[in-house]
Amino acid sequence: MLLELAWLVLLALRGCRVAATRNLISLSEDTWTDILHGEWMVEFHAPWCPACKDLQKAWHSFADWSRDLNINVAEVDVTRNPGLSGRFLVTALPTIYHVKDGVFRQYSGPRDKNDFISYIEERKWTFYDPVPSYKHPNSPQMTVVAWFFKLSMFVRDKHNYFVEEGVFFCFCHNLLTRMRWRQIFSHSKLGVVGGSLRPAPGPHNSPQNSNIAMVAHRIVLVILCE
């Protein structure tokens with residue numbers, strides 16, 4: 001009996017959490033323009049951010065009031081949408097924006113469910129200046145910034161990949177290059193003399209020149225693998 005009761009309580013709590021999540025809209029770089037119409041409250045967060053985790057409960061509870069307040073409550077994961085963090089100039093987490101018919105204002109008040117509700121009901125956002133036109137997320141300037149943020153994340157990911165795979169890459173490159181140089185040296189040291197293959201005379205096949213070539217080859221490998 002107690003086990004069944006505990007199971008029902010667990011299901012009820014899970015259902016409440018799912019309901020809160022359903023009222024919360026997740027925005028991406030493909031859907032962010034939806035906030036240009038109507039009234040929105042948008043939170044920018046990251047999974048690794050402790051302050052974002054502390055805000056999660058209050059933000060989900062606030063999302064439950066979205067229909068009563070006739071607004072939309074949304075969230076943006078900046079780790080999955082780096083372009084939006086640049087487009088909105090997100091320099092600290094969590095960052096919250098209020099949007100009303102395409103006019104953006106950054107929220108700077110207390111971060112509790114009741115404070116969010118009063119911010120909307122009492123229209124406290126009218127006391128704050130909107131984001132200037134050159135910082136508007138849909139402006140050409142911020143579009144360029146968003147592109148650079150996405151490019152920087154792409155470069156960082158590729159850098160991490162090459163750092164992780166660099167040892168194996170350099171090993172394979174070193175091995176293949178050594179094999180190629182051995183073939184070149186073996187052919188360069190042979191010449192046709194009297195109808196048979198013999199070492200071709202000349203200063204270019206001296207041991208000293210071969211050693212110089214190998215040293216130069218090693219220097220190139222070091223530069224490539226650094």
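For the structure, see preceding data.
Each chain has its residues counted from 1, following the order in which its sequence is written. Restriction of local features to residues with pLDDT of at least 70 applies here, the model being predicted, together with a cutoff of 80 or more for giving and counting side-chain atom pairs; totals for whole chains, interfaces and linings are based on all residues. To obtain the side-chain values, all non-hydrogen atoms of the structure were used and water was disregarded.

Break down the overall build of the chain for me, with residues and values.
When its secondary structure is counted, the chain shows seven helices and seven strands. Helix and strand definitions follow DSSP, with helices as H or I runs of at least four residues and strands as E runs of at least two, each counted in order from the N terminus. Scanning the chain from its N terminus toward the C terminus, one meets helices and strands in the order α-β-β-α-α-β-α-β-β-α-α-β-β-α. Only protein chains enter the accessibility calculation, which uses a 1.4 Å probe; a residue whose area is less than 20% of its type maximum is buried, one above 50% is exposed, and one in between is partly exposed. Taken across its 226 residues, the chain has 31% of its residues classed as buried. In the chain, once contacts between residues fewer than 6 apart in sequence are set aside, the share between residues at least 24 apart is 71%. Just so you have it, the chain exposes about 15,300 Å², and 61% of that area is on carbon and sulfur atoms. Contacts were defined at the residue level, with two residues in contact if any of their heavy atoms lie within 4.5 Å. Every accessible area reported is derived by Shrake-Rupley at a probe size of 1.4 Å, with residue values counting cover from the shown protein chains alone.

Give a description of helix H2 (residues 50-63) that names residues and reports values.
Given 3.6 residues per helical turn, the α-helix brings residues three or four places apart onto the same face. What a helix should span is 1.5 Å times the count of its residues minus one. Across its 14 residues, H2 extends 20 Å between first and last C-alpha, which sits within 8% of the 20 Å expected from 1.5 Å per residue. At Gln56, H2 shows its largest bend, some 40°. Within the span of H2, buried status applies to Cys52, Leu55, Ala58, Trp59, His60, Phe62 and Ala63. Bend at a residue means the angle formed by two fitted axes: the first through the 7 residues ending at that position, the second through the 7 residues beginning there.

Describe the sheet that holds strand E1 (residues 25-26), listing the residues and the values that go with them.
If you trace the five strands from one edge of the open sheet to the other, you get E1-E3-E2-E4-E5, paired in mixed fashion. A strand with exactly one partner marks an edge of an open sheet, and here the two such strands are E1 and strand E5 (103-106). Two elements, E1 and strand E3 (residues 72-77), share two bridges in a ladder whose sense is parallel. Within E3, the residue paired with Ser26 across the bridge is Glu75. Against the sheet, H2 engages strand E2 (39-45), E3 and strand E4 (95-100), with an angle of about 160° to E2. In the packing of helix H5 (residues 113-121) onto the sheet, contacts are made with E2 and E4, and the angle to E2 comes to roughly 145°. Between any two strands, pairing holds if DSSP finds at least two bridges. As a rule, the C-alpha atoms of each element are fitted with a line to give its axis, helices using only the stretch in contact, and angles between N-to-C directions run from 0 to 180 degrees.

I'd like a rundown of the nonpolar core, residues and numbers included.
Each nonpolar core is a collection of buried residues, namely Ala, Val, Leu, Ile, Met, Phe, Trp, Tyr and Cys, held together in the definition by side-chain atoms within 4.5 Å. In this structure, Leu27, Ile35, Trp40, Val42, Phe44, Phe88 and Phe104 are the most contacted members of the largest nonpolar core, which totals 19 residues. The element contributing the most residues to this core is E2, with three residues. Not counting the four nearest positions on each side in its chain, Phe88 is found in contact with Trp32, Ile35, Phe44, Tyr97, Phe104 and Pro137. Judged by nonpolar contacts, the second largest core, of 17 residues, contains Leu24, Trp59, Ala63 and Ile117.

Any details on H5? Residues and values, ideally.
Listed as buried for H5 are Phe116, Ile117, Ser118, Tyr119 and Ile120. In this fold, the buried residues of H5 make contact with E2, H2, helix H3 (66-69) and E4. What qualifies as a polar contact is a pair of N or O atoms within 3.5 Å, subject to a donor-acceptor requirement within protein and to the restriction that residues adjacent in sequence count only when both atoms come from side chains. One side-chain oxygen of the residue at the start of H5 lies 3.3 Å from the amide nitrogen of Asn114, identifying that residue as Asp112. Following H5 by one or two positions, Arg123 adopts a phi angle in the positive range, close to 55°.

Run through unusual backbone geometry, naming residues and quoting values.
Following Leu93, the chain continues into Pro94 via a peptide bond in cis, with omega recorded as -5°. With respect to the helices and strands, the residue Pro94 is situated in the loop between helix H4 (82-87) and E4. For Leu89, which is not glycine, the phi torsion reads 50° and is therefore positive. Here Leu89 lies in the loop between H4 and E4.

Keep in mind that these numbers describe shape and distance, not what the molecule does.
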